[in-house]
Amino acid sequence: MIFGFLLFVALLLGWQGYEFWVAVGRQPRGERLERCKRSPQWKDGEFVNVHETPLFTSDDGFLAQMSKFLFGKIQNLRPDSDVPTVKSSLKDLPRTEEVCVWLGHSTVFIQTDGARFLFDPVLTNKLPVWWFMRPFKGADVYTVDDIPEVDYLVITHDHWDHLDWKTVTALKDRVGQVVCSLGIGEHFEYWGYEPQRIHDLDWQDSIAIGDSITLRCLPSRHFSGRLGQHKTLWASYLIDGPRRIFVSGDGGYDERFKTFSEQYPGIDLAILENGQYDKGWKHIHTLPSELPTVIRDLGARRVLTYHNSKYALAKHGWTEPLDSIYEHAKGQPWQLLTPRIGEPVRLGEQQTFTKWWK
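(A) Here's a closer look at unusual backbone geometry. Backbone geometry places aspartate 113, a non-glycine residue, at a positive phi of 50°. By the element assignment, aspartate 113 lies in the loop between β4 (108-112) and β5 (115-119). Note on aspartate 113: relative accessible area 38%, which makes it partly exposed. The backbone of glutamine 204 shows a phi angle near 80°, a positive value even though the residue is not glycine. Tracing the sequence through the fold places glutamine 204 in the loop between β8 (198-201) and β9 (206-209). Under the relative-accessibility criterion, glutamine 204 is labelled partly exposed at 46%.

As structure tokens, then:
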């Protein structure tokens with residue numbers, strides 16, 4: 001019996017090790033790697049930011065920062081009860097409906113001008129990701145089974161909380177095209193997507209969608225790699241059509257937001273990172289104190305913040321991101337949208353939302 005139990009444990013660990021290996025994906029190779037090397041963002045064997053961007057800026061050093069992250073205690077880190085959500089039927093949405101639905105953390109479903117986009121889907125809660133990224137109770141109400149056919153699956157960068165192997169492989173037959181920043185297409189090809197469906201974009205590249213929409217790949221200030229190798233690029237995106245919808249991805253503050261507003265004025269909706277931050281990571285994640293400046297720089301008419309309310313990936317209270325931006329929104333010319341996970345934002349309508357996190 002002991003031998004049988006040990007054999008079972010060994011097989012389980014071996015299987016999980018294999019799944020983790022597959023989930024890591026594959027670094028760019030061949031022509032894809034050569035294209036990465038031709039990018040203005042490639043230097044000394046990896047992608048770099050426009051500005052010098054240290055990952056950790058605390059005087060405590062790397063080990064102290066990691067100790068704080070792994071073992072530090074903080075009040076209200078996770079909710080005491082289920083996160084309030086709405087289970088909307090995405091499959092029943094007519095394509096004529098202009099709508100944005102936040103599905104938790106950085107997963108967003110957008111339907112505009114007849115085109116369907118799905119950004120950074122993480123919709124499974126299984127090993128190996130379960131080891132280090134567990135959703136709050138109730139926040140994982142959406143699964144891959146709830147996703148309809150989408151025209152464009154868009155990936156901002158390849159960190160585990162933005163690119164989930166099990167999610168994207170389960171969606172493979174419901175995805176028309178994959179749009180991702182340079183190098184990330186290698187993961188998709190490794191996981192079984194046909195090369196002709198994959199579009200690796202550099203900053204300032206774009207792809208035409210029908211006659212009225214251009215999807216633009218724009219700079220960000222972050223880092224990448226399933227294991228931190230920086231061999232793939234990170235980005236933000238603009239759906240540039242009858243409505244301009246900006247999706248920030250992850251990234252610290254710099255002057256790029258002012259540049260975006262000059263190049264693409266009149267942003268109707270900005271979906272901005274707000275959560276999983278730390279002063280020691282200020283160059284790679286937007287701090288709450290910087291978010292109002294980001295919004296002012298962009299000149300956005302309406303704002304929805306994400307990267308919060310599903311996981312505890314940093315040491316701050318789970319309601320802190322929304323509390324902060326809610327206070328900063330008072331008296332501003334822009335409108336803050338605070339939908340619950342799954343609550344549709346009608347792009348052509350004025351809506352008000354509750355302070356549900358309270």
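After that view, the rundown keeps rolling.
(B) A look at the pattern of salt bridges. In total, this model carries 20 salt bridges according to the counting rule given. Taking the shortest distance from any N to any O, the salt bridge between aspartate 205 and arginine 35 comes out at 2.9 Å. In this pair, aspartate 205 sits in the loop between β8 and β9 while arginine 35 sits in helix α2 (residues 30-38), placing the two residues 170 residues apart along the sequence. Of the residues examined, aspartate 205 reaches a relative accessible area of 25% and is grouped as partly exposed. Arginine 256 serves as the salt-bridge partner of aspartate 254, at 2.8 Å between the closest nitrogen and oxygen. Exposure class is identical for aspartate 254 and arginine 256. Each is buried. Taken together, the shared-partner salt bridges connect Arg26, Arg32, Glu186, Glu189 and Asp200 into one network.

(C) Local environment of the packing of helix α6 (residues 256-263) against helix α7 (residues 291-298). It is the contact of α6 with α7, at a shortest axis distance of 7 Å, that shows an interaxial angle of 25°. Between α6 and α7, the crossing angle belongs to the class labelled roughly parallel. Crossing angle aside, the handedness with which α6 passes α7 is right-handed. Touching Phe257, Lys258, Phe260 and Ser261 of α6 are Val294, Asp297 and Leu298, all from α7.

(D) View of the sheet that holds β8. The seven strands lie next to each other as β8-β7-β6-β5-β4-β3-β16, forming an open sheet whose pairing is mixed. On the outer flanks of this sheet lie β8 and β16 (345-346), each paired with one strand and no other. Relative to β8, strand β7 (residues 175-181) runs parallel, the two being bridged by four bridges. Pairing of cysteine 180 across the sheet is with aspartate 200, part of β8.

(E) Summary view of the state of the cysteines. According to the stated counting rule, one finds zero disulfides in the structure shown. With no disulfide of its own, cysteine 180 lies 9.0 Å from the sulfur of cysteine 217, the closest cysteine sulfur. Judged by its relative accessible area of 0%, cysteine 217 falls in the buried class.

(F) Representation of the nonpolar core. In terms of nonpolar packing, the biggest core is built from 93 residues, with Ile110, Phe117, Phe188, Ile271 and Leu298 touching the most fellow members. Per-element accounting of this core gives the leading share, five residues, to strand β6 (residues 150-155).

(G) Quick look at the sheet that holds strand β14 (residues 302-306). Pairing is mixed across the open sheet formed by seven strands, whose spatial order is β9-β10-β11-β12-β13-β14-β15. Among the strands making up the open sheet, the edge pair consists of β9 and β15 (335-337). Averaged over all pairs of adjacent strands, the angle between strand axes in this sheet comes to 20°, irrespective of strand direction. Helix-sheet contacts for α7 involve β12 (244-247), β13 (269-273) and β14, and the interaxial angle to β13 is about 150°.

(H) Expanded view of the packing of aromatic side chains. Taken as a whole and judged by the stated rule, the model has 15 aromatic pairs. Relative to phenylalanine 47, the ring of tryptophan 42 lies with its centre 5.0 Å away and its plane at 90°, an arrangement referred to as edge-to-face. For the pair formed by tryptophan 42 and phenylalanine 47, the shared burial category is buried. On the basis of an interplanar angle of 25° and a centroid distance of 5.8 Å, the ring pair of phenylalanine 117 and tyrosine 152 is categorised as stacked. Of this pair, phenylalanine 117 sits in strand β5 while tyrosine 152 sits in strand β6, and the two are 35 residues apart along the sequence. Across this residue pair, the class does not change: phenylalanine 117 and tyrosine 152 are buried. Among the aromatic residues, those joined into a cluster by ring pairs are Phe136, Trp318, Tyr326, Trp356 and Trp357. Of note, lysine 87 hangs over the ring of tyrosine 142, and the distance from its end group to the ring centre comes to 5.6 Å.

Rules of the game
- Residues numbered from 1 in each chain as written.
- Predicted model: local features only at pLDDT ≥ 70, side-chain atom pairs only at ≥ 80, totals over all residues.
- Heavy atoms only, no water.
- Helix = DSSP H or I, 4+ residues; strand = E, 2+ residues; numbered from the N terminus.
- Buried < 20%, exposed > 50% of the residue type's maximum accessible area, 1.4 Å probe, protein only.
- Salt bridge = Lys/Arg side-chain N within 4 Å of Asp/Glu carboxyl O.
- Axes fitted to C-alpha atoms, helices over the stretch in contact; angles between N-to-C directions.
- Parallel < 35°, antiparallel > 145°, perpendicular 65-115°, else oblique.
- Left-handed = near helix turned anticlockwise from the far one by under 90°.
- Contact = heavy atoms within 4.5 Å.
- Pairing = 2+ DSSP bridges.
- Disulfide = S-S within 2.5 Å.
- Core = buried A, V, L, I, M, F, W, Y, C linked by side-chain atoms within 4.5 Å.
- Phe/Tyr/Trp six-rings, centres within 6.5 Å; stacked < 30°, edge-to-face > 60°.
- Lys NZ or Arg CZ within 6 Å of the ring centre and 35° of its normal.

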